[in-house]
Amino acid sequence: MTDPSPAISGNALARLTEALGAEAKRKGPPPVERWNPAYCGDIDMRIAADGTWHYMGTPINRSALVKLFSTVLRKDPERYVLVTPVERVGITVEDAPFLAVEMAVDGEGESRQIAFRTNVDDLVPVSAEHPLRFERDANGGVKPYVKVRGELWARVTRALALDLIALGEEKDEEGVSTFGITASGLFFHIAPVSELGAS
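Every value quoted in this text rests on a predicted model; they were computed, and no experiment measured them.

S.K.: It is not clear to me how the overall build of the protein chain should be interpreted in this structure. Could you clarify?
M.R.: Within the protein chain one finds four helices and 15 strands. Burial status across the protein chain gives 43% buried among its 199 residues. In the protein chain, once contacts between residues fewer than 6 apart in sequence are set aside, the share between residues at least 24 apart is 52%. For the protein chain, the accessible surface area stands at approximately 10,500 Å², while carbon and sulfur atoms represent 52% of it.

S.K.: Explain the packing of aromatic side chains to me, please; I cannot follow it from the model alone.
M.R.: Each aromatic ring pair is specified by the distance between its two centres and by the angle formed by the two planes. This model, assessed by the stated rule, comprises one aromatic pair. Ring centres 6.5 Å apart and planes at 15° place the aromatic pair Trp-53 and Phe-69 in the stacked group. Of the two residues, Trp-53 sits in strand β2 (residues 53-55) while Phe-69 sits in helix α2 (residues 63-70), which places them 16 residues apart along the sequence. Comparing Trp-53 with Phe-69, the two get one shared label, buried. The side chain of Arg-133 reaches across the aromatic face of Tyr-145, ending 4.2 Å from its centre.

S.K.: Looking at this structure, I do not really get helix α3 (residues 158-165). What am I missing?
M.R.: An α-helix turns once every 3.6 residues. As a result, residues three or four positions apart point the same way. Turning to α3, its buried residues are Leu-160, Ala-161 and Leu-164. All buried residues of α3 fall inside an arc of 105° around its axis, so they share one side. α3 presents Arg-158, Ala-159 and Leu-162 as exposed residues on the side facing more than 90 degrees away from its buried surface. Those residues of α3 hidden inside the fold are in contact with β7 (98-106), β8 (113-118), β10 (132-136), β11 (142-149), β12 (152-156) and β14 (176-183).

S.K.: Just checking my understanding: could you explain the environment of Gly-51 for this structure?
M.R.: Position of Gly-51 relative to the elements: it lies in the loop between β1 (39-47) and β2. Note: C-alpha distance between Gly-51 and Arg-155 (104 residues apart in sequence) is 9.1 Å. Residues contacting Gly-51, with those up to four places away along its chain left out, are Leu-99 and Asn-119.

S.K.: Would you mind going over the sheet that holds strand β5 (residues 80-83) with me for this structure?
M.R.: Sheet strands pair via backbone hydrogen bonds, and the direction of the pair is either parallel or antiparallel. What the six strands build is an open sheet, ordered β3-β2-β1-β6-β5-β4; its pairing is mixed. Where the open sheet ends on each side, the last strands, each with one partner, are β3 (58-59) and β4 (73-75). As defined by bridge partners, β1 adjoins strand β6 (residues 88-93) across four bridges and the pair is classed as parallel. Among the inter-strand pairings, Tyr-39 is bridged to a residue of β6, identified as Arg-88.

S.K.: Could you clarify how one ought to interpret the pairing of β1 in this entry?
M.R.: In the case of a regular strand, side chains alternate between the two sheet surfaces. In this structure, β1 lies alongside β2, joined through three bridges in antiparallel fashion. Within β2, the residue paired with Met-45 across the bridge is Tyr-55. In this structure, the hairpin formed by β1 and β2 is closed by a connection of five residues, where Gly-51 is found at a positive phi of approximately 90°.

S.K.: I tried to follow the pattern of salt bridges on my own but got confused; where do I start?
M.R.: Scanning the model with the defined rule gives 13 salt bridges in all. Note that Glu-78 and Arg-79 form a salt bridge whose closest N and O atoms lie 3.4 Å from each other. The exposure class of Glu-78 is exposed, given its relative accessible area of 52%. Residue Arg-79 is classed as partly exposed on the basis of its relative accessible area of 26%. Overlapping salt bridges bring together Lys-67, Glu-102, Arg-117 and Asp-121 as one network.

Conventions adopted
- Residues numbered from 1 in each chain as written.
- Predicted model: local features only at pLDDT ≥ 70, side-chain atom pairs only at ≥ 80, totals over all residues.
- Heavy atoms only, no water.
- Helix = DSSP H or I, 4+ residues; strand = E, 2+ residues; numbered from the N terminus.
- Buried < 20%, exposed > 50% of the residue type's maximum accessible area, 1.4 Å probe, protein only.
- Contact = heavy atoms within 4.5 Å.
- Areas by Shrake-Rupley, 256 points an atom, 1.4 Å probe, with all protein chains shown as cover.
- Phe/Tyr/Trp six-rings, centres within 6.5 Å; stacked < 30°, edge-to-face > 60°.
- Lys NZ or Arg CZ within 6 Å of the ring centre and 35° of its normal.
- Arc of directions from axis to C-beta.
- Pairing = 2+ DSSP bridges.
- Salt bridge = Lys/Arg side-chain N within 4 Å of Asp/Glu carboxyl O.

Have a look at this one:
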């Protein structure tokens, strides 16, 4: 639960939007990894598990505004933050900050290429820089994620997850039969086959 700081009380959303106005005109993503302004506390902003952004309990329905905020999102060791050149504020992220909502697959085997589009229109090709990772959910199912940038990940939607996992294959890894997915010449481990058989 966020606890708005007196330093950023008032219309934090308007201030953030104004600070980002000039940055939005620059080419390429803002250099958030190089910005280190003072931490000003948390604001009541939350990214729900379904990818919806909320401010003070109300969904942000303007997709352009959500995309703008997404460009200045960063994962610090302690928390997710929105960063501008002049302030850094904490927000709540329930699962991953982004959703992978479209998938393109080209080729097979070692030459297979997989790419995703996120809910904020990032295009992410699966690679060493943008790896896949797989977690188990509370019911023992598999939840795939793809790394977008920095320490920010997109959770693959359930419908796409089924299509993605259908591309899986078994490989022997150091004597252990492992189920995973090959893309860009890399094998992304999902789980030992013995674990999948037991679930």
